[in-house]
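Survey of secondary and tertiary structure
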Amino acid sequence: SKITQYIFEMKNPNIQRITRHLLKKHQQDFLQFPAATKNHHEFVSGLAFHVVSMLDLAKSLCQLYPSLDRDLLYAGIILHDLGKTTELSGPLSPSYTITGQLLGHISIMVNEIGQAAEELGIQGEEVTVLQHMVLSHHGKHEWGSPKQPMIREAELLHYIDNIDAKMNMLDRVLSRTKPGEFSERVFALDNRSFYKPTFIK
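From a predicted model like this one, the values you see are computed outputs, not experimental measurements.

What follows is about unusual backbone geometry. The backbone phi angle of Ser-45 is positive, close to 70°, even though this residue is not glycine. Within the fold, Ser-45 resides in the loop between α2 (13-32) and α3 (46-64).

What follows is the structure in structure tokens.
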């Protein structure tokens, strides 16, 4: 319901229609799949949980930086990992599908945005810009991003994605750590251990 509300708030009809179309197409899997096989949000419904957290963070940032295009940022957040419903095998004990291994969730969704625009009869810059949001959300080539962000909202999408993923990892590892002790090493965070201060319960 929260994601539906964010789509409802979009004012750009092309961005709204493409986002709604693709979410409807993958809705059942989107609401059940994890966001990854390991590291962050790797639990049932983790993908939707990740997206809602990112949307709430984006809404706060848009209030701080009103020059941002909310429609583009919200759509980028909803679509950025939607290809994982094809890349991964399912919500329980997920593995990578053949399509997932050969193409990856980024390429899958870039293609689907193009197909959705064609099916809906939508032409214009919004299509290319939405594709760029997905293509660049990993931020750096060495992190698996085919393109680096070249649009302001794409740059912010990358940061929001990174923040939410890392906070989820830290929440989980610190929940298993006693106050006054160090956590186990977190491979995805440079293999660092994190200290839990004694005054934090």
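Continuing now.
Here the focus is the pattern of salt bridges. Applying the stated rule across the entire model yields seven salt bridges. One salt bridge connects Asp-56 with Lys-2, and the closest N-O pair in it is separated by 2.7 Å. On the criterion of sequence distance, the pair formed by Asp-56 in helix α3 and Lys-2 in helix α1 (residues 2-8) is long-range, its members being 54 residues apart. With its nearest N and O atoms 3.6 Å apart, the salt bridge here joins Asp-81 to Lys-84.

Right, let's talk about α2 for a bit. Given a rise of 1.5 Å per residue, 20 residues ought to cover 28 Å, and the 28 Å separating the end C-alpha atoms of α2 matches this to within 8%. Of all the bends in α2, the greatest, near 75°, is centred on His-26. If you check which residues of α2 are buried, you get Asn-14, Ile-15, Gln-16, Ile-18, Thr-19, Leu-22, Leu-23, His-26 and Phe-30. Contact partners of the buried residues in α2: α1, α3, α4 (70-79), α5 (84-87), α7 (104-120) and α8 (125-135). Looking at where α2 begins, the residue whose side-chain oxygen comes 3.0 Å from the main-chain nitrogen of Asn-14 is Asn-12.

Direction vectors running N to C along α4 and helix α9 (residues 152-175) enclose 45°, while the axes themselves pass 10 Å from each other. Taken together, the axes of α4 and α9 lie oblique to each other. As for how α4 packs across α9, the hand of that crossing is right-handed. Between α4 and α9, the contacting residues are Leu-72, Leu-73, Gly-76 and Ile-77 on the first element and Glu-153, Leu-156, Leu-157 and Ile-160 on the second.

Among the secondary structure elements, Pro-197 is positioned in the segment after α9. On the basis of relative accessibility, which here comes to 22%, the residue Pro-197 falls in the partly exposed class. Along the primary structure Pro-197 and Glu-181 are separated by 16 residues, whereas in three dimensions their C-alpha atoms are 7.7 Å apart. With residues near it in sequence (within four places) discarded, Pro-197 still touches Pro-179 and Gly-180.

Ile-18, Ile-77 and Ile-113 are the most contacted members of the largest nonpolar core, which has 45 residues in total. Not counting residues up to four positions away in its chain, the partners in contact with Ile-113 are Ile-18, Leu-22, Leu-79, Val-127, Leu-130, Gln-131 and Val-134.

Rules behind the numbers
Residues numbered from 1 in each chain as written. Predicted model: local features only at pLDDT ≥ 70, side-chain atom pairs only at ≥ 80, totals over all residues. Heavy atoms only, no water. Helix = DSSP H or I, 4+ residues; strand = E, 2+ residues; numbered from the N terminus. Salt bridge = Lys/Arg side-chain N within 4 Å of Asp/Glu carboxyl O. Expected span 1.5 Å × (residues − 1). Bend = angle between axes of the 7 residues up to and from the residue. Buried < 20%, exposed > 50% of the residue type's maximum accessible area, 1.4 Å probe, protein only. Contact = heavy atoms within 4.5 Å. Polar contact = N/O pair within 3.5 Å; in protein donor to acceptor, adjacent residues only side chain to side chain. Axes fitted to C-alpha atoms, helices over the stretch in contact; angles between N-to-C directions. Parallel < 35°, antiparallel > 145°, perpendicular 65-115°, else oblique. Left-handed = near helix turned anticlockwise from the far one by under 90°. Core = buried A, V, L, I, M, F, W, Y, C linked by side-chain atoms within 4.5 Å.

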